[in-house]
Amino acid sequence: MSYQFAIENENYEDFASGRVLYNQHGATAFPVRLASELFQRGKAYLTGKGNDGPYRIYDPCCGGGYLLASIGFLHREYIETITASDVDPAAVELASRNLSLLTAAGLQARIGQIRQMHGSFGKDSHLAALASAEKLGKLIGEPFSPESLECFAEDATELSDRLSGQHFDMIVSDVPYGNQVEWKSESGDPVGHMLNRLEPLMAPVSILILVSAKDQKIDHDRFRKLGQIKLGKRRATLLESAEAR
Ligand SMILES: C[S@@+](CC[C@H](N)C(=O)[O-])C[C@H]1O[C@@H](n2cnc3c(N)ncnc32)[C@H](O)[C@@H]1O
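A brief look at the structure comes next. (Residues numbered from 1 in each chain as written. Predicted model: local features only at pLDDT ≥ 70, side-chain atom pairs only at ≥ 80, totals over all residues. Heavy atoms only, no water.)

Quick look at helix α6 (residues 190-198) now. When you tally the buried positions in α6, you get 7 out of 9 residues, the bulk of the element. Elements that come into contact with the buried residues of α6 comprise β1 (55-59), β4 (168-174), β5 (202-213) and β6 (223-231). (Buried < 20%, exposed > 50% of the residue type's maximum accessible area, 1.4 Å probe, protein only. Helix = DSSP H or I, 4+ residues; strand = E, 2+ residues; numbered from the N terminus. Contact = heavy atoms within 4.5 Å.)

Looking now at the state of the cysteines. Between two cysteines, a covalent bond joining their sulfur atoms is known as a disulfide. All chains considered together, the criterion is met by 0 disulfides. With no disulfide of its own, C151 lies closest to C62 among cysteine sulfurs, the gap being 5.2 Å. Of the residues examined, C151 reaches a relative accessible area of 24% and is grouped as partly exposed. (Disulfide = S-S within 2.5 Å.)

Right, let's get into the pattern of salt bridges. Throughout the structure, instances matching the rule amount to 12 salt bridges. The salt bridge partner of R19 is E13, with a shortest N-O separation of 3.9 Å. Taking the relative accessible area as the measure of exposure, R19 reaches 23% and is therefore partly exposed. Residue E13 is classed as partly exposed on the basis of its relative accessible area of 36%. Here E154 and R197 are joined by a salt bridge, their closest N and O atoms 2.5 Å apart. Note that E154 is positioned in the loop between β3 (149-153) and β4 and R197 in helix α6, a separation of 43 residues in sequence. In terms of burial, E154 and R197 fall into one category: buried. (Salt bridge = Lys/Arg side-chain N within 4 Å of Asp/Glu carboxyl O.)

Attention shifts here to the environment of G227. Here G227 is to be found in strand β6. Expressed as a C-alpha distance, the spacing of G227 and T237, which sit 10 residues apart in the sequence, is 6.1 Å. Residues within four places of G227 in sequence aside, it is in contact with A236, T237 and L238.

Surrounding the ligand, one finds 24 residues, the nearest of these being L67, D86, D155, A156 and K184. One of the backbone nitrogen or oxygen atoms of T28 is found 3.3 Å away from an oxygen atom of the ligand. Within the backbone of V87, one N or O atom sits 3.3 Å away from a nitrogen atom of the ligand. When the ligand is considered free in solution it has 600 Å² of accessible area, and contact with the protein chains removes 97% of it. (Near = heavy atom within 4 Å. Polar contact = N/O pair within 3.5 Å; in protein donor to acceptor, adjacent residues only side chain to side chain. Areas by Shrake-Rupley, 256 points an atom, 1.4 Å probe, with all protein chains shown as cover.)

What follows concerns the sheet that holds β6. Pairing is mixed across the open sheet formed by 7 strands, whose spatial order is β3-β2-β1-β4-β5-β7-β6. Two strands lie at the open edges of the sheet, namely β3 and β6, each paired on one side alone. Taken pair by pair, the neighbouring strands of this sheet meet at an average axis angle of 15 degrees, ignoring direction. Bridge count for β1 against strand β2 (residues 79-86) is 5 bridges, and the pairing is parallel. Across the sheet, Y55 pairs through a bridge with I79, a residue of β2. Of the strands in this sheet, β1, β2 and β4 are in contact with helix α2 (residues 66-74), which crosses β2 at around 170 degrees. Seen against the sheet, helix α3 (residues 89-100) touches β2 and β3 and runs at an angle of roughly 170 degrees to β3. (Pairing = 2+ DSSP bridges. Axes fitted to C-alpha atoms, helices over the stretch in contact; angles between N-to-C directions.)

Read these as spatial facts, not as claims about activity.
This is the structure in structure tokens:
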């Protein structure tokens, strides 16, 4: 695929996991440039349909929250709220720490922690992390309020009332591919069941962007395919609700 929006292959080292963003053993991440491209493709679709935002975003398989945190730092001005869930409570805990970096208090706490580590160990990597934290703080501009960020543990393949009444403009998720992370679900058709759960959460003008393994086709009677992007081992499928006009 060719990038349409994140055209420059920038250096995203400020986003490296464990530098400012928190890391945890076994956590997966997501390429920052691709996250930015997907967000901007979603935004272009929404704007074209008259939804100028700011957008309510949700990732139902959020892992450590790298995808959402990257989008939050890079595209803050277009985002109203960020909601994240995952079946794994340890992933939710990491996502919640990573999303906290999008708030003024969370980023300050992280800077304090890195300063302390630098005081104790004096490593150059700590100074580099402090410089990155400062750059991320400038990049985000106006930080998110804690109330605009939500993180919770939930199986995305089961119907639930947890978000009933809420609607999202953009649902974006990097689902388990099977090589590093498997679905944790009783369902024989986890993607199908997840889409059943997500469709009622779609705002009238909204988009669903699902990243899956490149050989996994996403087909569901309650969604219409808008397009797809293939990149290496991944495929991103862009969908709208079949109810959308
Ligand atoms: C590829 S990882 C997502 C990584 C994430 N995009 C990030 O930026 O860190 C897929 C995630 O799906 C989660 N998962 C597996 N089964 C799930 C289920 N039934 N419901 C919700 N999440 C699930 C895994 O725990 C894992 O965190």
